[in-house]
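Residues per chain, in single letters:
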Amino acid sequence: MKLSELPLHRPAVVTEVIDSGPDDRVGRRLRELGFVTDEPVKVVARGPLFGEPILIQIGFTRFALRRAEAARVLVQQGQA
Amino acid sequence: MSGLIIALVGNPNCGKTALFNQLTGSRQKVANFAGVTVERKEGSFTAPSGRTVQVLDLPGTYSLDALGPDEVITRDVCLGKVAGVALPDVIVCVADATNLRLHLRFVLEIRRLGRPMVLALNMMDAAAKRGIKIDREALEAKLGIPVIETVAVMTKGARALIEHIDTQGVEAPKATEEKDPHVEVREILSAAVVMPRFTAKIDDQLDGILLNPWLGIPILLVIMFVMFQAVFAWSGPLMDGIEGVFGWAAEAVRGYLPEGLLQSFIADALISGVGSVLVFLPQIIILFAFILVLEESGYLPRAAFLLDTLMGAAGLTGRAFIPLLSSFACAIPGVMATRSIHDIRDRLTTIMIAPLMTCSARWPVYILLVGAFVPERTVWGFASFRGLIMLALVFAGIFSAMIVSWVMKLIRRDKTDSVLMMELPSYRLPNLRNLGLGLWERAGIFMRRITGVIFAANTLIWVLATFPRAPANATLPEIDYSFAGMIGHAMEPLFRPIGFGWEICIALIPGMAAREVAVSALGTVYAIGGSEDAVANQLSGVIASQWSLATALSLLAWYVFAPQCLSTLAVIKRETNSWRFVGLTTAYLFALAYLAAFATYTVTKMITG
């Protein structure tokens with residue numbers, strides 16, 4: 001499932017980041033920030049309007065992503 | 001022994017700047033790297049061995065993959081490829097001990113450059129408090145580089161770092177086989193780090209409240225309210241004090257020097273000119289203090305998180321919140337603060353609308369005109385009618401800024417989504433020393449940037465308003481005979497459709513340097529002498545009897561938009577490095593000002609007859 005669809009506080013692991021094109025800077029940066037296979041991930045908060053942006057706990061760090069960014073990250077529910 | 005150059009690198013929020021402050025104290029210099037608006041922060045200290053160590057604080061980056069100018073600079077400085085910057089002898093990579101999963105990846109990337117380096121394991125106190133155990137020796141062995149424990153706000157760790165670099169010397173790491181950095185980070189973590197919990201409990205609890213969908217925005221509004229209350233209420237006595245000192249100095253010069261050109265130049269152009277800018281320093285310092293506390297504590301990215309969708313609807317990013325907030329005191333620090341916006345399109349849009357936020361220089365003009373034309377009465381039992389009108393002017397600025405940024409988004413050629421990807425760091429108690437240094441640095445930048453422009457502009461305007469001098473048998477005010485007077489009369493036909501007479505046109509000229517100067521300029525035109533307060537008081541009566549309501553409202557509308565501040569335009573030039581962009585911003589703001597004033601004038605005249 002997409003990270004953008006993951007329910008709040010439900011543990012999951014990253015399966016992959018989908019690139020939007022051949023030289024996708026956003027995809028590359030997401031991987032650099034730690035969105036790589038088998039990394040534990042969790043949605044910890046959502047923005048007050050339309051549930052956006054989404055606050056993600058990845059590794060030891062929290063990142064705010066917009067829905068379009070989070071939709072590129074595929075995850076699988078369950079503990080690593 | 002010759003000097004040593006070290007460069008500090010690290011991820012954002014690793015406490016690098018605090019460590020830099022520990023190392024160099026107040027011996028710092030902030031400038032830009034040539035040709036780009038990437039901040040170049042340098043300092044120096046004397047090591048125990050007696051040699052001078054130069055420290056370069058490079059911008060915080062997540063990777064050397066060069067997505068933005070910050071990353072290009074960081075990479076190129078480490079490799080000695082930036083003209084005018086010497087190759088650093090040692091790279092000090094700073095990593096937050098509580099955030100090693102992310103930060104070690106960057107350490108590995110730096111290691112691959114093959115330059116002499118050490119790892120400063122920062123925030124060891126916070127790590128200890130959270131029960132995080134780090135086996136320093138195992139980390140050293142795994143990484144093949146020296147690892148030194150530091151606490152960003154304590155001198156002990158910084159001293160250990162200095163000693164190590166100073167006495168032991170640092171060698172380049174041996175080349176290792178290329179591995180997937182993420183795999184390597186996991187190996188290192190499992191070998192050297194024990195982490196009871198991924199996050200700090202206090203962060204989770206605070207985020208639960210501050211980012212709560214129902215409580216988050218109201219809490220943000222309360223914080224903003226307290227901040228603006230402080231900026232406008234607490235600064236009053238200090239501003240009066242500064243005004244008093246400069247008024248007294250100008251008077252002293254008038255008494256000391258014989259009447260004439262020199263006296264007028266020193267008293268009016270230099271002392272009053274500098275005073276008219278310095279008077280805003282208390283407000284700016286209070287605003288900066290609040291912003292620094294919010295920034296150091298980790299709250300500002302949370303505010304950006306809460307507002308991102310709202311601002312996104314207007315074509316902005318949540319990150320624009322901070323620069324736009326600063327612009328309420330003054331657009332200059334606001335434009336400077338747009339550096340934290342990485343997307344160039346978002347950054348330019350934010351710079352473009354920053355002058356629409358009601359800066360403190362507009363207040364004197366608003367107060368004068370509203371005071372003269374709007375009757376004071378209480379509405380809804382508690383609110384001041386004048387206060388409401390002022391509030392409406394502020395919201396007129398905000399509202400038009402939203403429309404402008406929305407239009408900018410529509411006409412963008414590059415329609416790809418801008419990205420947020422913003423780290424929310426751990427909450428931290430702000431440290432007084434860092435606050436002090438930050439305040440000192442920002443106030444310094446502000447002062448240096450504006451004094452130059454204000455000085456030059458005031459001199460020019462003084463010349464325009466003084467020469468040629470009035471004949472001995474002059475019947476009209478002196479300014480009427482000067483270049484400024486001629487320009488005012490020449491401008492009048494253009495401004496008549498929006499209701500401005502030549503007196504207002506003349507006042508607009510000195511008002512170009514700084515908006516509030518228009519008040520004292522109107523005083524000069526109507527030949528009223530005395531202090532600024534006295535001028536404003538009498539002027540209020542004069543314009544109430546001589547101007548129509550339509551003219552006054554038209555001038556207010558003009559002031560909401562007109563880019564009457566050379567310093568702001570100069571800063572926009574510096575930050576964007578583009579005269580075209582400055583021209584575009586100036587033109588659109590003047591066009592909006594003219595249209596708004598024209599509409600206001602026409603409609604008011606139709607209603608009042």
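Residues numbered from 1 in each chain as written. Chains lettered and ligands numbered in written order. Predicted model: local features only at pLDDT ≥ 70, side-chain atom pairs only at ≥ 80, totals over all residues.

Turning to the overall build of chain B, a few remarks are in order. Check the secondary structure of chain B and you find 25 helices and 12 strands. Compactness check: chain B gives a C-alpha radius of gyration of 28 Å against a globular reference of 25 Å for 609 residues, within 12% of the reference. When the backbone C-alpha atoms are referred to their principal axes, chain B occupies close to 90 × 55 × 45 Å. Taking all 609 residues of chain B together, the buried fraction comes to 44%. (Helix = DSSP H or I, 4+ residues; strand = E, 2+ residues; numbered from the N terminus. Rg over C-alpha atoms; globule rule 2.2 N^0.38 Å. Buried ≥ 20, exposed ≤ 12 C-beta atoms within 10 Å, placed from the backbone.)

Quick look at the overall build of chain A now. Helix and strand content of chain A: 2 helices and 5 strands. Its C-alpha atoms give chain A a radius of gyration of 11 Å, near enough to 12 Å, the size a compact globule of 80 residues would have. Out of the 80 residues belonging to chain A, those deemed buried represent 50%. Contacts spanning at least 24 positions in sequence make up 61% of the contacts within chain A whose residues lie at least 6 apart. (Contact = placed C-beta atoms within 7 Å.)

UniProt tags residues 214-234, 269-293, 313-336, 348-373, 385-408, 450-467, 539-561 and 581-603 of chain B as "transmembrane region" (unreviewed entry). Counting secondary structure, residues 539-561 of chain B comes out at 91% helix and 0% strand; the distance between its end C-alpha atoms is 23 Å. (UniProt positions renumbered as here; feature names shortened; annotations may be inferred.)

Residues and elements named next belong to chain B. Burial of strand S5 (residues 90-96) is extensive: 7 of the 7 residues sit out of reach of the surface. Residues of S5 alternate between two faces, with Val90, Val92, Val94 and Asp96 on one and Ile91, Cys93 and Ala95 on the opposite face, all of them buried. By the bridge criterion, 5 bridges tie strand S1 (residues 4-10) to S5 in an arrangement that is parallel. Paired with Gly10 across the strands is Val94, a residue of S5. Note that S5 and strand S6 (residues 117-122) share 6 bridges and pair parallel. Within S6, the residue paired with Ala95 across the bridge is Leu121. In terms of handedness, the path from S5 via helix H3 (residues 100-111) over to S6 forms a crossover that is right-handed. (Pairing = 2+ DSSP bridges. Right-handed = clockwise from strand over helix to strand, strands pointing away.)

With 28 residues of chain B at the contact, the number on the chain A side is 29 residues. Listing elements by their share of the side of chain B that touches chain A, those giving two or more residues are H3, helix H9 (216-256), helix H12 (299-313) and strand S12 (422-423) of chain B. In terms of residue count, H12(B) provides more of the side of chain B that touches chain A than any other element does, 5 residues in total. Among the residues making up the side of chain B that touches chain A, the classes are represented as 15 nonpolar, 7 polar and 6 charged. (Nonpolar A, V, L, I, M, F, W, Y, C, P; charged D, E, K, R; others polar.)

Looking now at the UniProt feature "domain: Ferrous iron transporter FeoA-like" (unreviewed entry) in chain A. The UniProt entry lists residues 1-77 of chain A under the feature "domain: Ferrous iron transporter FeoA-like" (unreviewed entry), expressed in the numbering used here. Annotated as residues 1-77 of chain A, this span is 16% helix and 43% strand, and its ends, taken at the C-alpha atoms, are 8 Å apart.

All right, on to the sheet that holds strand S4 (residues 61-65) of chain A then. Taken in spatial order, the 6 strands make up an open sheet running S5(A)-S1(A)-S2(A)-S3(A)-S4(A)-S12(B), and their pairing is antiparallel. Edge positions in the sheet fall to strand S5 (73-77) of chain A together with S12 of chain B, since each has one partner strand and no second. Two elements, strand S1 (residues 12-17) of chain A and S5(A), share 5 bridges in a ladder whose sense is antiparallel. Within the sheet, the bridge partner assigned to A:Val14 lies in S5(A) and is A:Val75.

Turning our attention to the sheet that holds strand S8 (residues 147-149) of chain B. Residues and elements named next belong to chain B. Spatial ordering of the open sheet is given by S2-S3-S4-S1-S5-S6-S8, a layout of 7 strands whose pairing is mixed. Two strands lie at the open edges of the sheet, namely strand S2 (28-32) and S8, each paired on one side alone. Taking the axes of each pair of neighbouring strands and ignoring which way they run, one obtains an average angle of 25° across the sheet. In terms of strand pairing, S1 meets strand S4 (residues 52-57) through 5 bridges, oriented parallel. In the strand pairing of S4, Leu4 is matched with Val53. Against the sheet, H3 touches S1, S5 and S6, its axis set at about 165° to S5. (Axes fitted to C-alpha atoms, helices over the stretch in contact; angles between N-to-C directions.)

Judged by nonpolar contacts, the single largest core of 179 residues is most densely connected at A:Ile56, B:Ala7, B:Leu8, B:Val92, B:Cys93, B:Leu119 and B:Ala120. Sorting elements by how many residues they give to this core places helix H23 (residues 549-561) of chain B first, with 9 residues. In contact with B:Leu119, not counting residues within four places along its chain, are B:Cys93, B:Ala95, B:Val107, B:Leu143, B:Ile145 and B:Val147. (Core = buried A, V, L, I, M, F, W, Y, C linked by C-beta atoms within 7 Å.)

What follows covers the environment of B:Lys81. Locating B:Lys81 in the fold gives a position in the loop between helix H2 (69-78) and S5. Taking the C-alpha atoms as reference points, B:Lys81 and B:Phe321, 240 residues apart in sequence, are found 35 Å from one another.

Right, let's get into the environment of B:His342. With respect to the helices and strands, B:His342 occurs in the loop between helix H14 (331-337) and helix H15 (344-353). On a C-alpha basis, the gap between B:His342 and B:Ala191 in space is 36 Å, while along the polypeptide they are 151 residues apart.

A separate point is the confidence of the model for chain B. All names here are of chain B. Across chain B, the average pLDDT comes to 84, with 93% of residues at 70 or higher. Taking the mean pLDDT of every element in chain B, the minimum, 69, falls on helix H21 (residues 517-525) and the maximum, 94, on S5. As a predicted assembly, this complex carries a pTM of 0.82 together with an ipTM value of 0.94. (pLDDT = per-residue confidence, 0-100.)

Attention shifts here to the domain arrangement of chain B. Residue and element names in this part refer to chain B. Domain boundaries assigned for chain B yield domain 1 (4-198), domain 2 (216-430) and domain 3 (443-608). Spacing between the C-alpha centres of domain 1 and domain 2 amounts to 35 Å. In this assembly, 6 residues from domain 1 lie in contact with 5 residues from domain 2. Looking at the side of domain 1 that touches domain 2 residue by residue, the class counts come to 1 nonpolar, 4 polar and 1 charged. (Domains from an automatic or database assignment.)

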